[in-house]
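This is what each chain is made of:
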Amino acid sequence: MEGPAVNQSPPPLFVIAILAAAAFAAPTLAQSETAPAALPTSGFSATFDHYAVAADHPIASAAGAEMLAQGGNAVDAAVAASFTLSVVRPFSCGIGGGGFMVISLPPKNNTPDAPRIERAINYRELAPRGARKNIYESLKKDRASLDGGLASAVPGTVAGLLYALETYGTLDRAAVLAPAIRAAREGFAVDAAYMRSAMSATERFVVNKDYQTRFAFTWERLLGAGAIKLGDTIKNPEQAALLEAIAQDGASAFYAGPFAASMIECVNADAHTAGLGPVKWFTEQDLKLPRVSDTEPLTTTFLGKRVLLMPPPSSGGIAIAQILGLAERRELAKLWTEGNTASYAHQLVESFKFAFADRAEYLADPKFSPVPIDKLLSAERLDNFASRITPSTSHGPEYYGEPGQIGNDGGTSHISVIDAAGGAVACTETINTEFGSFLVVPGSGFCLNNQMDDFTTRRDRPNAYKLTQSDKNMPEPGKRPLSSMSPTIVLDADNTPVLVAGASGGPRIITATTQAILNVLIRNMPASDAVAAKRMHHQWLPSVLEIERGFDDTEIMRGLGVSMWMRKLHHDVKETGSGAVVQMVARRPDPTTGTSRLDAASDPRKGGSPAGE
Ligand code: GLY
């Protein structure tokens, strides 16, 4: 078996630093979405004439573009890019996790006057049969919902991607899986984003030495036993073999037969080590549950355009629809045009707070707790929120809703695609935090998710990610944890996709995706600037306005940086890293030809680049 080409001599400086710090510091949370000090100023965006794919790794974007070059559609491209991300971004997403895909395709066979195909595919993980509401409250171990088998929900990615491919794609399994298999066999180079996540995960393995044997594959092969370094090559023949089996036999290679049996055995053995009683965590029945739901997307309008969003258990769709509704009501476009940068920023942040307060109170898996979507998006409610946005001041949290707390996380990946026929896909996937639960089914080469932590795991205190949400989001068998993933497609009046966007970064997904969209639709930026622009984040609670380092250099009004203005308006401002990574494809008119071109950008904060033609 091949492992990563890692340096086995003295540990790198970051491990030495971690070892020294570990003696004093409490374990910290993964924060690897934070941008490096210097961001590339080119290479992360490009303009194409026919089709474009923007993933957060160049090999994944190229995999998607390869499908489009073969005559595939946007779904084929997204599926190929996603399977490839499973290999090259093993800390973000993959076949051990789940995701959401929003699709907008021209009618089948291009039947004139037939409606476009607009779907929202939900393959978010499901809590297993062993789950119960107080499972984590009853366990002494604080990290049971984060590390190891008890943190894993039943993965949905393989089922979801193959469902999307078979229902809406055009190519066969072998074709869409080929780039991922190639990447796993030939290997890929460790980049800066990988290193940031590896450093964060290594900290956990240094603090908990038993993890080095308990999660041996992650430690030895994905973290190079703490010695991985920039430029190392990681090969993953184990995942290649599993992907080949999926190419040949379909989802049954994952959810039935010997692989499924070893997944159940591995998860249950680890869950028992973590203190689970006599019940089983994963069962064969769990793997047979329907894992994919295919519904209409949530829709809203913004400045004359139609916006397709992900319905619950995404909280992002409703939140973005609310924020856009408030942006129209508060005339943010006018404020921007008049140069009122600070007022624009303040009123946008106030909108975030109303949306996040609703998220905390109302959002959960609608199969278990009905979500009052109509009420949340009603004109009355948005008019009311809009009337309560005060241009001259911000308020305490109780002004926006019943206090709770929403935290952050670091994994996740987003792919945006527009194909040559006008099809579009926005796809966001995650294994939750970096390297998920760390648990790898023997011989499989991928990390199982730790998505159970997106449930409300403990009612009496915030969980390890400072996340306390409503009881409606407590774990139950077959339930999906609430998510912030926000894949979004914007269509022109004639139904041409003009923008595809989404992000990684926990709750920052919502605010980053919204700002990137507004950067195009209000500020008329090209995708490169829209994605690279510094961002703000407010999630209502904690009542802190995060302003990305460097924001003030670009957003100046009457000589003052925005953070100074925001302090004047009584925001509690904290300067931070970005915490989110956006991928976007936008159609922009090309005045030189009188047609349009596709402007694609993979957020420079994570080192991706788009591909297309
Ligand atoms: N695990 C991150 C999210 O789904 O929001």
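Everything below is about the structure printed above this text.
Everything numeric in this text was worked out from a predicted model, so none of it was measured. (Residues numbered from 1 in each chain as written. Predicted model: local features only at pLDDT ≥ 70, side-chain atom pairs only at ≥ 80, totals over all residues. Heavy atoms only, no water.)

Chemist: Before we go on, may I ask you to explain the overall build of the protein chain in this structure?
Modeler: When helices and strands are counted, the protein chain shows 21 helices and 21 strands. Looking at the protein chain residue by residue over its 613 residues, the buried ones come to 63%. Counted over contacts in the protein chain with a minimum sequence separation of 6, partners at least 24 positions apart contribute 76%. (Helix = DSSP H or I, 4+ residues; strand = E, 2+ residues; numbered from the N terminus. Buried < 20%, exposed > 50% of the residue type's maximum accessible area, 1.4 Å probe, protein only. Contact = heavy atoms within 4.5 Å.)

Chemist: Any chance you could explain the sheet that holds strand β19 (residues 581-590) here in plain terms?
Modeler: Across a sheet, strands are paired by hydrogen bonds formed along the backbone, either parallel or antiparallel in direction. With antiparallel pairing, 7 strands are arranged side by side in an open sheet as β1-β20-β19-β13-β12-β9-β8. The open sheet terminates on both sides in strands that have one partner only, identified here as β1 (45-48) and β8 (298-302). Between one strand and the next, the sheet's axes are offset by a mean angle of 20°, whatever the strand orientation. Where strand β13 (residues 497-504) lies against β19, 6 bridges are found, and the strand directions are antiparallel. Across the sheet, the residue bridging to S504 is V581, located in β19. On top of the sheet, helix α13 (residues 316-329) reaches β8, β9 (305-309) and β12 (488-491); it is set at about 20° to β8, its chief contact. (Pairing = 2+ DSSP bridges. Axes fitted to C-alpha atoms, helices over the stretch in contact; angles between N-to-C directions.)

Chemist: Sorry if this is basic, but what is going on with the site of the ligand here?
Modeler: Among the 9 residues in the neighbourhood of the ligand, the closest are listed as N432, Q451, D454, S483 and S484. A distance of 2.8 Å separates a nitrogen atom of the ligand from a polar side-chain atom of Q451. A distance of 2.6 Å is found between a nitrogen atom of the ligand and a side-chain nitrogen or oxygen belonging to D454. Coverage of the ligand by the protein chains reaches 98% of its 200 Å² of free accessible surface. Considered class by class, the residues forming the shell around the ligand number 1 nonpolar, 5 polar and 3 charged. (Near = heavy atom within 4 Å. Polar contact = N/O pair within 3.5 Å; in protein donor to acceptor, adjacent residues only side chain to side chain. Areas by Shrake-Rupley, 256 points an atom, 1.4 Å probe, with all protein chains shown as cover. Nonpolar A, V, L, I, M, F, W, Y, C, P; charged D, E, K, R; others polar.)

Chemist: Sorry, what's going on with the sheet that holds strand β7 (residues 293-295) here?
Modeler: Reading across the sheet, the 7 strands line up as β7-β4-β3-β11-β10-β2-β21 and stay open at both edges, with antiparallel pairing between neighbours. Each edge of the open sheet carries a strand with a single partner, namely β7 and β21 (611-612). One ladder, built from 3 bridges, connects strand β4 (residues 117-122) with β7; its direction is antiparallel. From the neighbouring strand, I121 faces β7, where its bridge partner is D294. Docked against the sheet, helix α2 (residues 58-69) engages β2 (52-54), β10 (413-418) and β21, running at close to 160° with respect to β2.

Chemist: Just checking my understanding: could you explain the packing of aromatic side chains for this structure?
Modeler: Here a ring pair, both rings aromatic, is described through the centre-centre distance and the interplanar angle of the planes. The tally for this structure, following the rule as stated, stands at 21 aromatic pairs. The interplanar angle of 50° and the centroid separation of 5.7 Å between the aromatic rings of F91 and F435 together place this pair among those described as tilted. Pair noted here: F91 is in the loop between α3 (74-88) and β3 (98-105) and F435 is in the loop between β11 (424-430) and β12, with a separation of 344 residues, a long-range link. Residue class for F91 comes out buried when judged on its relative accessible area of 2%. In this structure F435 comes out as buried when scored by relative accessible area, which is 0%. (Phe/Tyr/Trp six-rings, centres within 6.5 Å; stacked < 30°, edge-to-face > 60°.)

Chemist: It is not clear to me how the environment of Q285 should be interpreted in this structure. Could you clarify?
Modeler: With respect to the helices, strands and loops of the structure, Q285 is situated in helix α12 (residues 284-288). By relative accessible area, which is 41% here, Q285 ends up partly exposed. For the pair formed by Q285 and R129, sequence separation is 156 residues and the distance between their alpha carbons is 8.1 Å.

Chemist: Would you explain helix α15 (residues 341-362) in this entry?
Modeler: Because each turn of an α-helix spans 3.6 residues, side chains separated by three or four positions in sequence point in the same direction. Compared with the 32 Å implied by 1.5 Å per residue over 22 residues, the 32 Å span of α15 between its first and last C-alpha is a close match. Within α15, 21 of the 22 residues are buried, which leaves it mostly tucked inside the rest of the structure. (Expected span 1.5 Å × (residues − 1).)

Chemist: Looking at this structure, I do not really get the environment of F446. What am I missing?
Modeler: Residue position: F446 is located in the loop between β11 and β12. Excluding residues within four positions of it along the chain, F446 makes contact with I95, G96, Q239, L242, F254, F259, L439, V440 and V441.

Chemist: Explanation requested: unusual backbone geometry in the structure shown.
Modeler: Both trends apply: most residues other than glycine have a negative phi, and most peptide bonds are in trans. Cis geometry marks the peptide bond from P312 to P313; its omega dihedral reads 15°. Mapping P313 onto the fold places it in the loop between β9 and α13. Cis rather than trans, the peptide bond between L541 and P542 has omega equal to -5°. Relative to the assigned elements, P542 resides in the loop between β14 (536-537) and β15 (545-548). Phi at N432 is positive, roughly 80°, even though this residue is not glycine. Residue position: N432 is located in the loop between β11 and β12. With relative accessibility at 1%, the residue N432 sits in the buried group. Not every positive phi belongs to a glycine, and H570 is a case in point at roughly 75°. Topologically, H570 is positioned in the loop between α21 (562-568) and β18 (573-576).

Chemist: Can you walk me through the side chain of H346 in this structure?
Modeler: Mapped onto the fold, H346 is located in helix α15. A distance of 2.8 Å separates polar atoms of two side chains, one belonging to H346 and the other to H571.

Chemist: What is the right way to read the pairing of β8 from this model?
Modeler: Every other side chain in a regular strand lies on the same face of the sheet, so the side chains alternate between the two faces. Going residue by residue along β8, you find L298, T300 and F302 tucked away on one face and T299 and T301 left uncovered on the opposite face. With 5 bridges joining them, β8 and β9 adopt antiparallel strand pairing. Residue pairing in the sheet places F302 in a bridge with K305 of β9. The hairpin turn running from β8 into β9, its antiparallel successor, is 2 residues long, and L303 in that turn takes a positive phi close to 50°.

Chemist: Explain the side chain of Q539 here, please?
Modeler: Inspection of the secondary structure puts Q539 in the loop between β14 and β15. At 2.8 Å, the side chain of Q539 and the side chain of H537 are in polar contact.

Chemist: Is there a simple way to think about the pattern of salt bridges in this case?
Modeler: When the charged atoms of two side chains with opposite charge come close together, those side chains can pair. Inspection of every chain in the model, using the stated rule, returns 26 salt bridges. Of the charged contacts in the structure, one is a salt bridge between R535 and D603, with a shortest N-O distance of 3.0 Å. Highlighted residues: R535 in the loop between α19 (527-532) and β14 and D603 in the loop between β20 (595-602) and β21, separated in sequence by 68 residues. When salt bridges that share partners are traced, they join D56, R89, D191 and K606 into one network. (Salt bridge = Lys/Arg side-chain N within 4 Å of Asp/Glu carboxyl O.)

Chemist: Help me out: how do you make sense of the nonpolar core in this one?
Modeler: Nonpolar side chains in soluble globular proteins tend to be buried together. Counting residues in hydrophobic clusters, the biggest one holds 103 residues, and the most contacted among them are M101, Y194, F254 and W281. For this core, the leading source of residues is α3, giving 11 residues. Those residues in contact with Y194, other than ones at most four positions away along the chain, are V88, R89, P90, F91, F188, L222, I228, I234 and F435. Grouped together as the second largest cluster of nonpolar side chains are 86 residues, L308, L482, A533 and V562 included. (Core = buried A, V, L, I, M, F, W, Y, C linked by side-chain atoms within 4.5 Å.)

Chemist: Help me out: how do you make sense of the packing of α13 against helix α18 (residues 508-521) in this one?
Modeler: Relative orientation of the contacting elements α13 and α18 amounts to 45°, with a least axis distance of 10 Å. Compared by their axis directions, α13 and α18 come out oblique. Considering how the two elements wind past one another, α13 and α18 form a crossing that is right-handed. Packed against α13, whose contacting residues are G316, A319, I320, I323 and L324, the element α18 presents I510, T513, T514 and L518 at the interface. Its residues placed into classes, the contact of α13 with α18 shows 6 nonpolar, 3 polar and no charged. (Parallel < 35°, antiparallel > 145°, perpendicular 65-115°, else oblique. Left-handed = near helix turned anticlockwise from the far one by under 90°.)

Keep in mind these numbers describe shape, not what the thing actually does.
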